[in-house]
Amino acid sequence: MDYRFTDEEESFRQEIREFLRAELPAGEEQGEEQEGGSEKWEFARRFQKKLAAKGWLVPHWPKEYGGGAMGIMEQVVMREEMSYGRAPLLDIFGVNMLGPVLMLYGTDEQKKKHLPGISSAAVTWCQGYSEPQSGSDLASLQTKAVKDGDDYVINGQKIWTSNAHRADWMFLLARTDPKAPKHKGISFLLTPTDTPGFSTRPLINLAGQHGFNEVFFEDVRIPVSNLVAEENRGWYVGAALLDFERSGIGSSGASRRNLDDLVTYVKDGGRGKKEGGGSGNGAVKATVRHRLAELVIETDVGRYLSYRVASMQSKGEVPNYEASVAKGYLSELGQRVAGAGVNIMGLPGQVRPESKKWAALRGSFAMLYQVSMGMTIAGGTSEIQRNIIAQRGLGLPRG
Ligand SMILES: Cc1cc2nc3c(=O)[nH]c(=O)nc-3n(C[C@H](O)[C@H](O)[C@H](O)COP(=O)(O)OP(=O)(O)OC[C@H]3O[C@@H](n4cnc5c(N)ncnc54)[C@H](O)[C@@H]3O)c2cc1C
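Residues numbered from 1 in each chain as written. Predicted model: local features only at pLDDT ≥ 70, side-chain atom pairs only at ≥ 80, totals over all residues.

1. Notes on the overall build of the protein chain
Convention followed: Starting at the N terminus, helices and strands are each numbered in turn, a helix being any DSSP run of H or I of at least four residues and a strand any DSSP run of E of at least two. This radius of gyration counts C-alpha atoms alone. The globule rule is 2.2 Å times how many residues there are, raised to the power 0.38. By the convention adopted here, residues are in contact when the distance between their C-beta atoms, placed from the backbone, does not exceed 7 Å.
Scanning the protein chain from N- to C-terminus turns up eleven helices and eight strands. Taken against the 2.2 N^0.38 rule, which gives 21 Å for 399 residues, the C-alpha radius of gyration of the protein chain at 22 Å falls within 12% of a compact globule. Pairs at least 24 residues apart make up 69% of the contacts formed inside the protein chain by residues separated by at least 6 positions.

2. Observations concerning the pairing of strand S4 (residues 169–175)
Rules: Around each residue's C-beta, the other C-beta atoms within 10 Å are counted; 20 or more make the residue buried, 12 or fewer make it exposed, and counts in between make it partly exposed. All C-beta atoms are placed from the backbone. Note: two strands are recorded as paired if DSSP finds a minimum of 2 bridges between them.
When you tally the buried positions in S4, you get seven out of seven residues, the bulk of the element. With burial as the criterion, each face of S4 is covered, one bearing Trp169, Phe171, Leu173 and Arg175 and the other bearing Met170, Leu172 and Ala174. Bridging between strand S1 (residues 125–128) and S4 involves four bridges; their strand directions are parallel. Across the sheet, Cys126 pairs through a bridge with Met170, a residue of S4.

3. What about unusual backbone geometry?
Glycine aside, a negative phi is what most residues show, and trans is what most peptide bonds show. Within the chain, Arg86 stands out as a residue other than glycine whose phi angle is a positive 55°. The backbone phi angle of Ala229 is positive, close to 65°, even though this residue is not glycine. Ala229 gets classed as buried once you count the C-beta atoms within 10 Å, which come to 20.

4. Overview of the domain arrangement of the protein chain
Basically, it comes down to this: These domain limits were set by an automatic method or by a database of domain assignments.
Partitioning the protein chain into domains gives domain 1 (7–90), domain 2 (126–232) and domain 3 (246–393). Taking the mean C-alpha position of each, domain 1 and domain 2 sit 29 Å from one another.

5. Concerning the site of the ligand
Put simply, the rule reads: Near, as applied to residues and a molecule or strand, means the residue's backbone-placed C-beta atom lies within 6 Å of it. Residue type decides the class: Asp, Glu, Lys and Arg count as charged, Ala, Val, Leu, Ile, Met, Phe, Trp, Tyr, Cys and Pro as nonpolar, and the leftover types, Gly among them, as polar.
Around the ligand there are 19 residues in total, and Tyr129, Gly135, Ser136, Gly374 and Thr381 lie nearest to it. Mapped onto the shell around the ligand, the elements with two or more residues apiece are S1, strand S3 (151–162) and helix H11 (382–393). By residue class, the composition of the shell around the ligand is seven nonpolar, eleven polar and one charged.

6. Here we look at the nonpolar core
One recurring pattern in soluble globular proteins: nonpolar side chains tend to sit buried together. Keep this limit in mind: Nonpolar cores are identified as sets of buried Ala, Val, Leu, Ile, Met, Phe, Trp, Tyr and Cys residues joined via C-beta atoms within 7 Å.
Counting residues in each nonpolar core, the largest one holds 87 residues, and the members touching the most others are Leu98, Trp125, Met170 and Leu189. The dominant element in this core, judged by the number of residues it contributes, is helix H9 (residues 321–345), at eleven residues. If we ignore the near neighbours within four places in the chain, the residues touching Trp125 are Asp91, Phe93, Gly94, Leu98, Ala167, Trp169, Met170 and Phe171.

7. A closer look at the environment of Ala240
Note that Ala240 resides in helix H6 (residues 234–245). Linking Ala240 and Gly349, residues 109 residues apart in sequence, is a C-alpha distance of 39 Å. If we skip the residues at most four places from it in the chain, Ala240 touches Val101, Leu104 and Val318.

8. Concerning the packing of helix H4 (residues 92–105) against H6
Selection criterion: Every angle, taken between N-to-C directions, lies between 0 and 180 degrees, and every axis is a line fitted to C-alpha atoms, over only the stretch in contact when it is a helix. Should an angle fall under 35 degrees it is called roughly parallel, over 145 degrees roughly antiparallel, and 65 to 115 degrees roughly perpendicular, with every other angle called oblique. When the near helix sits turned anticlockwise from the far one by under a right angle, the crossing is termed left-handed; a clockwise turn instead gives a right-handed crossing.
At a minimum axis separation of 9 Å, H4 and H6 run at an interaxial angle of 135°. The angle between H4 and H6 falls in the class oblique. Here the hand of the crossing between H4 and H6 comes out right-handed. Here Asn96, Met97, Pro100, Val101, Leu104 and Tyr105 of H4 come into contact with H6, specifically with Val237, Ala240, Leu241, Phe244 and Glu245.

9. Considering the pairing of S3
Here strand S2 (residues 144–148) runs beside S3; their pairing, made up of five bridges, is antiparallel. Of the residues in S3, the one forming a bridge with Ala145 is Ile154. In this structure, the hairpin formed by S2 and S3 is closed by a connection of two residues, where Gly149 is found at a positive phi of approximately 65°. Bridge analysis of S3 against strand S7 (residues 210–223) gives nine bridges, and the strand direction is antiparallel. The residue bridging Ile154 from the neighbouring strand is Val220, located in S7.

10. What about the environment of Leu138?
Its location among the elements puts Leu138 in the loop between S1 and S2. Sequence-wise, Leu138 and Pro100 are 38 residues apart; in three dimensions their C-alpha atoms are separated by 21 Å.

11. A look at helix H2 (residues 38–53)
Selection rule: Between the first and last residue of a helix there are one fewer steps than residues, each counted as 1.5 Å, and that sum is the expected span.
Its 16 residues give H2 an end-to-end C-alpha distance of 23 Å, which sits within 8% of 22 Å, the value for a rise of 1.5 Å per residue. For H2, the elements touching its buried residues are helix H1 (7–23) and helix H5 (108–119). Of the residues flanking the end of H2, it is Gly55, one or two places downstream, whose phi is positive at about 75°.

12. Re the packing of H9 against helix H10 (residues 364–371)
Taken N-terminus to C-terminus, the directions of H9 and H10 make an angle of 140°; their axes are 8 Å apart at the nearest point. Of the possible angle classes, the one that applies to H9 and H10 is oblique. Considering how the two elements wind past one another, H9 and H10 form a crossing that is left-handed. Each of Ala338, Gly339, Gly341, Val342 and Met345 in H9 lies in contact with H10, whose residues at this interface are Phe365, Ala366, Leu368 and Tyr369. Here the residues of the contact of H9 with H10 sort into seven nonpolar, two polar and no charged.

13. Regarding the environment of Lys144
Tracing the sequence through the fold places Lys144 in strand S2. Residue classification places Lys144 among the partly exposed positions, given that 17 C-beta atoms sit within 10 Å. Sequence separation between Lys144 and Glu28 is 116 residues, and the spatial gap between their C-alpha atoms is 41 Å. If we ignore the near neighbours within four places in the chain, the residues touching Lys144 are Asn155, Gly156, Ala174 and Arg175.

Set out below in structure tokens:
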């Protein structure tokens, strides 16, 4: 087994780094901890369009759908570099989730209609899965879609819907057969967010940011042609999409970048030095040295877990419990890196960006610490990932 990237893949990495140096000024970097306002969003849109023009938004998609016709490993390199470089993301839901699912389950017409919009950064998507009473037990969802002639009429509510206030379209799961067993009466549907009867209400997270929303459906009417795969088979489409969501490639790059920033901070004379350690190469406390070294080991482990998922995808396999291993590990690692940062920096690490001169590393760890709480919840909680690993990976019976 050869873990190294090929020369072509490494030269692609260099090309991406040059692109980032040219197109991403330091002030425009957007890490996981940031939920940008409308100016950041507009920069992200322009930035993603430049990527799209090179076929780089989706390097491994076929050319006919606006991709770069490269391999999955180029896609991996791209995601690693983008997340390490803190490049602004616009549409993880279209690029990382819906696109791959439409290629597997969509009709030719659906692929032609939706994939070019995603690959050109012209259209953005959001994910309508969770409901007020259905999160981990997603199959208990109650939003209904009732067939009426050539349309479905949707009524119900979604919650925690990231970017619903900005997205152009939503993919959602809705109950189309209330009498069937719960997994068998669900369909996977696509709806424009400007359809009459579709509305959103903001939810503000722990860090004071507006990223997710409540979404309401009141007689939202969409054509039957917006159904993906067969009616009442949507659970399986929705579950495949979650496996793409959980691959974890982006978060391993982001964790490594946060860790590198922390190491630089300590080296440059930030907290963590021994008494009299001063700036530059002065001695660093053993506890800090060891904590940073442990986290380097863990980020390497996380990276290899995400490579396993990518390597399965490159062979045409759909990763399953392997994606849960990567997601569970990397989201918890994100929290450990954030926690180590605020601990090592002491109080300046806990000060928000607004308190400019007192905020170590521009307050990024103070924000990351709060935002990282959601990482082990979004895309299925850590407990749910462990259930999947126990059941599908280890073959243990359900609890
Ligand atoms: C930052 C963020 C972004 C999100 N974005 C979206 C989005 O765009 N679209 C969307 O649809 N959803 C989104 N979500 C919602 C997310 O998918 C749900 O929050 C998640 O699935 C958990 O559901 P819940 O919040 O209802 O918690 P619950 O399911 O009520 O769980 C509560 C607790 O019980 C535990 N638990 C539940 N069932 C079990 C079990 N069987 N075994 C062991 N423990 C269990 C859970 O692990 C958790 O600790 C987002 C969440 C976050 C944090």
